[in-house]
Amino acid sequence: MIGRREFIRTGSLGAGALLLFKYSSVGASGPAAGDSRIEVLLDEPLGTISPNIYGHFTENLGAVIYDGVWVGANSSIPNVDGIRKELIEQLRKIKAPVIRYPGGCFADSYDWHDGIGPSDRRPKRTNFWGGSDPNQFGTNEFVHFCKLVGAEPYLAANVRSLPAKDFYQWVEYCNSPAGSTTLADTRAAAGYKDPFQVRYWGVGNESWGCGGNFTPQEYAVEFRRFATWVPTYGQDLSFVASGPSDDGWDWTREFLQEIVRKGPGQLRSIYGLALHYYTWNLSRGRTTNWDEGKGDALKFDVVDWYEVLRQGAVIESLINGHWQVMGEFDRQHQIKLVVDEWGPWYRPGSEAVPGHILEQMPTLRDAVFSAMTLDTFHRHPTKIGMANCAQLINCLNSLYLAHEDKFCVTPVGHVFELYAAHQGGQSLRTVFSSPSVHYDRDGQPATLTGLSGSASLHGKELVLTVVNPHVTERRETEITAPGGTIRSTAATVLTHSDIHAHNTFGQRDVVVPATSAVEVKGTPVRFGFPPASVTKLVMTLG
């Protein structure tokens, strides 16, 4: 079992930009010329790519909320009602669809009552992750944040330490019409007369561990109790059940087996089953210890680069495996997978700000990892209802880093910006033929898939995203779309001459995408994908 707790170059903006024109020229010659092919099958749609695949995760952990999202209305840092203004602008740019809050493990120690009402009367509580929580950022502020960026709120309920009544009342506080309940009046007194209309609700989090240490059968009983006869107030409610970690097939099977004990109709209460998968073990098989197995976010060799990507690719087998188990009980596949925590997890030491818990410095490696993951989700659009990268800011695979008045977009953030073009498109089956990556894994041969990616159709516009994981070899590639004629192509490439390259507060533009037109001379279109790169091709079909 691949458990959750298991499994030389430097440069600048100029160097990164030069690589685009060096490697992506049409018809480039050399030893790698013509070694790859991509065929986009226009007549083989896979389903619509839900924008919610591009969801985010903001746990009250370390500096995610305080210093990341929330700076306070009286702060000299530019803000909108206390929320960091630059973060709002960036999330609008990438069309952020849904944001999960307040956890994570924090959710199952959180009492939502503490985060409403006048801010000067809110209690301070112990934070699950250490230190104290001032509760200045609660339900009102979170929902307001979501509305400012155009995202749907996704709230995770406390199943471990609060009763079902508190969940019922949280829904009532958020969604009951103005004047209809005392809790609606409480909401209005805080300045929010209109209901929040929160649709997505997580019933607990990681209930096999920090969320209650339940067996799947025990949790299924709790889920039925929490999700039964919850008032809707005219808003469809989508309940997400706490699902497995990694390849925990038994959790999925035994949870659903208990759910349907009272009849198959019980499945209709579940919108999604949460799946969590972190890539973390860079010991190359030497240990399965959660702390000892982690690698460094910045100090890594080429093998570590490939190991992270190879482990990240495992998520495709997890999606297929859990989908198959779910089908044993849910033959119509009403329940979707919700991958609401995913990303790489490194050891401490690379924090932009000392003391920021679980903050790590995302590099070009993490951009390539994230692009590969999003492409995987695109290939399974009917299986995945939502996904949430862990996490949005100042934590793990973050899109942004912030501290006081400083802010920067990480390479991962740039990937989300590039890939936003896929949202709402029709995913198409795409065939990649490319040499595999072969490397030495401490004396043992290892292999990683070569070029990979996904394609989506938006009317006459075809979006193709491609990852080249090889650290030194470009892939000169022929691209075809049988049944269509490619009239024009624009390419945006994210790469750098240094695989360790990353953005910082002092150097915000070390790793940034560069865009150029691609000359089209008939079919097939030829394009050179740089080593260690993420590329978006936007093609107009005739």
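Note that the structure is a prediction, hence the values are computed from the model and not measured.

Visitor: Any chance you could break down the pairing of strand 17 (residues 437-441) for me, citing the residues and the numbers?
Guide: Within a regular strand, side chains alternate between the sheet's two faces. Examined bridge by bridge, strand 17 and strand 18 (residues 444-448) share five bridges and lie antiparallel to one another. Counterpart to Val 437 in the pairing with strand 18 is Leu 448.

Visitor: Describe the sheet that holds strand 25 (residues 533-541), and please don't skip the residues or the numbers.
Guide: One open sheet accounts for nine strands, arranged 23-22-25-20-19-16-1-21-24; its pairing is mixed. The sheet terminates laterally at strand 23 (514-518) and strand 24 (525-529), the two strands that pair on one side only. Here the strands of the sheet are splayed against their neighbours by 25 degrees on average, with no regard to which way each runs. Looking at chain direction, strand 20 (residues 461-468) and strand 25 are connected through eight bridges and run antiparallel. Looking at strand 25, one finds that Leu 462 is bridged to Met 539. Helix-sheet contacts for helix 11 (residues 411-419) involve strand 20, strand 22 (486-494) and strand 25, and the interaxial angle to strand 22 is about 165 degrees.

Visitor: Talk me through unusual backbone geometry; I want residue IDs and the actual numbers.
Guide: A cis amide bond links Gly 103 with the next residue in sequence, Gly 104, at an omega value of 15 degrees. Here Gly 104 lies in the loop between strand 5 (98-101) and strand 6 (125-126). A cis geometry characterises the amide bond from Ala 390 onward to Gln 391, with omega recorded as -5 degrees. Here Gln 391 is to be found in the loop between strand 13 (384-389) and strand 14 (400-403). For Asp 67, which is not glycine, the phi torsion reads 100 degrees and is therefore positive. You will see that His 333, though not glycine, has its phi angle at about 50 degrees, which is positive. Within the secondary structure, His 333 is located in the loop between helix 9 (315-327) and strand 12 (336-344).

Visitor: Requested: an account of the pattern of salt bridges, with residues and values cited.
Guide: Taken as a whole and assessed by the stated rule, the structure comprises 25 salt bridges. Here Arg 225 ties to Glu 222 by a salt bridge, and the two come within 2.7 Å at their closest N and O atoms. Here Arg 225 and its partner Glu 222 are both found in helix 6 (residues 216-227), three residues apart, which amounts to about one turn of the helix. Residues joined by salt bridges that share partners form a network here, namely Arg 284, Arg 286, Asp 301, Asp 304 and Asp 442.

Visitor: How would you explain the pairing of strand 10 (residues 238-241) if you had to name every residue and give the values?
Guide: Of the two faces of strand 10, both are covered, the one formed by Ser 238 and Val 240 as well as the one formed by Phe 239 and Ala 241. Pairing between strand 9 (residues 200-203) and strand 10: four bridges, direction parallel. Bridge pairing in strand 10 places Tyr 200 opposite Ser 238. One crossover worth recording links strand 9 to the parallel strand 10 by way of helix 6, and it is right-handed. Summarising the sheet, strand 10 and strand 11 (residues 272-279) pair through two bridges and their orientation is parallel. Considered in strand 11, the bridge of Ala 241 is made with Leu 273.

Visitor: Quick rundown of helix 7 (residues 249-259)? Include the residues and the values.
Guide: For helix 7, the full list of buried residues reads Trp 251, Thr 252, Phe 255, Leu 256, Glu 258 and Ile 259. Projected down its long axis, helix 7 carries its buried residues within an arc of 160 degrees, all on one side. Lining the buried residues of helix 7 we find helix 6, strand 10, strand 11 and helix 9.

Visitor: Which residues make up the nonpolar core, and what are the values?
Guide: In this structure, Phe 145 and Phe 255 are the most contacted members of the largest nonpolar core, which totals 125 residues. Per-element tally for this core: the top contributor is helix 10 (residues 364-378), with eight residues. For Phe 255, the contacting residues outside a window of four places in its chain are Pro 216, Tyr 219, Ala 220, Phe 223, Ala 241, Asp 250, Ile 270 and Leu 273. If you look at the next biggest cluster of nonpolar residues, it comprises 21 residues, including Val 40, Leu 42, Ala 455 and Ala 481.

Visitor: Pulling in residues and values, what's your account of the packing of helix 7 against helix 9?
Guide: Put simply, helix 7 and helix 9 touch, their axes get as near as 9 Å, and they point 25 degrees apart. In terms of their interaxial angle, helix 7 and helix 9 are classed as roughly parallel. Remark: the crossing between helix 7 and helix 9 carries right-handed chirality. Here helix 7 contributes Trp 249, Thr 252, Arg 253 and Leu 256 to the contact with helix 9, which in turn contributes Ser 317, Leu 318, Gly 321, His 322, Val 325 and Met 326.

Visitor: How would you sum up the environment of Ser 317? Please name residues and give values.
Guide: Tracing the chain through its elements places Ser 317 in helix 9. On the basis of relative accessible area, Ser 317 is assigned to the partly exposed category, the value being 42%. Along the primary structure Ser 317 and Phe 196 are separated by 121 residues, whereas in three dimensions their C-alpha atoms are 37 Å apart.

Visitor: Can you break down the side chain of Asp 114 residue by residue, with the values?
Guide: Relative to the assigned elements, Asp 114 resides in the loop between strand 5 and strand 6. Looking at Asp 114, the relative accessible area reads 10%, which means it is buried. Once residues within four sequence positions are removed from consideration, Asp 114 is found in contact with Arg 122, Pro 123, Arg 125 and Asn 135.

About the cut-offs
Residues numbered from 1 in each chain as written. Predicted model: local features only at pLDDT ≥ 70, side-chain atom pairs only at ≥ 80, totals over all residues. Heavy atoms only, no water. Pairing = 2+ DSSP bridges. Helix = DSSP H or I, 4+ residues; strand = E, 2+ residues; numbered from the N terminus. Axes fitted to C-alpha atoms, helices over the stretch in contact; angles between N-to-C directions. Contact = heavy atoms within 4.5 Å. Salt bridge = Lys/Arg side-chain N within 4 Å of Asp/Glu carboxyl O. Buried < 20%, exposed > 50% of the residue type's maximum accessible area, 1.4 Å probe, protein only. Right-handed = clockwise from strand over helix to strand, strands pointing away. Arc of directions from axis to C-beta. Core = buried A, V, L, I, M, F, W, Y, C linked by side-chain atoms within 4.5 Å. Parallel < 35°, antiparallel > 145°, perpendicular 65-115°, else oblique. Left-handed = near helix turned anticlockwise from the far one by under 90°.

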